[in-house]
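Residues per chain are reported as follows:
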Amino acid sequence: MIFPGGRINYEKRVVERMIRFYCIHREGNRELCPECRELLAYAVVRLDCCRFGDRKPVCKKCPVHCYKISMRERMRCVMRYAGPRLLWYRPLDAFGHLLCRLRLFGGR
Ligand SMILES: [Zn+2]
């Protein structure tokens, strides 16, 4: 699979899309609320800090638990809501990779 602009940038776009979707549809906001903005900023920093960069290993083999618990919980809510709804028009493998990388669905 080809990631225009690199895998990290691709994942940033996916995460942003999911958080935005969650905030607007689930929370009924017009724009990202401060909490979701914080979560997004956190996620972006995590991706920037990913020591594997664009050569990230497959998620199951990734040794890094890079989300702190509170943020992981919030991200879990976002993904649970936005994931299935966005799956319709996002590539499955990229999503699967992302979800599994965050270890939200038992990937270990
Ligand atoms: Zn929000």
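So, how was this worked out
Residues numbered from 1 in each chain as written. Predicted model: local features only at pLDDT ≥ 70, side-chain atom pairs only at ≥ 80, totals over all residues. Heavy atoms only, no water. Donors = N, O, S within 2.8 Å, 3.2 Å for Na, K, Ca; no water. Tetrahedral: all angles 85-135°; square planar, octahedral: opposite > 155°, others 65-115°. Buried < 20%, exposed > 50% of the residue type's maximum accessible area, 1.4 Å probe, protein only. Helix = DSSP H or I, 4+ residues; strand = E, 2+ residues; numbered from the N terminus. Expected span 1.5 Å × (residues − 1). Bend = angle between axes of the 7 residues up to and from the residue. Axes fitted to C-alpha atoms, helices over the stretch in contact; angles between N-to-C directions. Parallel < 35°, antiparallel > 145°, perpendicular 65-115°, else oblique. Contact = heavy atoms within 4.5 Å. Core = buried A, V, L, I, M, F, W, Y, C linked by side-chain atoms within 4.5 Å.

Named according to an unreviewed UniProt entry, the protein chain is Nitrous oxide-stimulated promoter family protein originating from Alistipes hominis.

> Describe the coordination of the zinc ion, naming the residues involved and giving the relevant values.
Donor atoms from the polypeptide that coordinate the zinc ion comprise Cys-23 (SG), Glu-27 (OE), Cys-33 (SG) and Cys-36 (SG), at 1.8 to 2.3 Å from the metal. Its four donor atoms give the zinc ion angles of 100 to 119° at the centre, a pattern that matches the tetrahedral case. You can call Cys-36 buried: its relative accessible area is 5%.

> Any details on helix α3 (residues 69-86)? Residues and values, ideally.
Here α3 spans 24 Å end to end across 18 residues, near enough to the 26 Å set by a 1.5 Å rise per residue. Residue Met-79 marks the point of greatest curvature in α3, where the axis turns by about 30°. Those residues of α3 lying buried are Met-71, Met-75, Val-78, Met-79, Tyr-81, Ala-82, Gly-83 and Leu-86.

> Quick rundown of the packing of helix α2 (residues 34-49) against α3? Include the residues and the values.
A pair of packed helices can be characterised by two numbers: the angle between their axes and the separation between those axes. Relative to each other, α2 and α3 sit at 105°, their axes nearing to 11 Å. As far as their axial angle goes, α3 and α2 are roughly perpendicular. Contact residues: Glu-35, Glu-38, Leu-39, Tyr-42 and Ala-43 in α2; Met-71, Arg-74, Met-75 and Val-78 in α3.

> Run through the packing of helix α1 (residues 7-26) against α3, naming residues and quoting values.
Between α1 and α3, the least distance of the axes is 9 Å, while the angle of their chain directions is 95°. It follows that α1 is roughly perpendicular to α3 by the angle criterion. Here α1 contributes Val-15, Arg-17, Met-18, Ile-19, Phe-21, Tyr-22, His-25 and Arg-26 to the contact with α3, which in turn contributes Met-75, Cys-77, Val-78, Met-79, Tyr-81, Ala-82, Gly-83, Arg-85 and Leu-86.

> Can you break down the nonpolar core residue by residue, with the values?
In this structure, Met-18, Ile-19, Cys-36, Tyr-67, Met-75 and Val-78 are the most contacted members of the largest nonpolar core, which totals 24 residues. Looking at this core, the element that brings in the most residues is α1, giving eight residues. Beyond its immediate stretch of four places on either side in the chain, Val-78 contacts Met-18, Ile-19, Tyr-22, Leu-39 and Gly-83.

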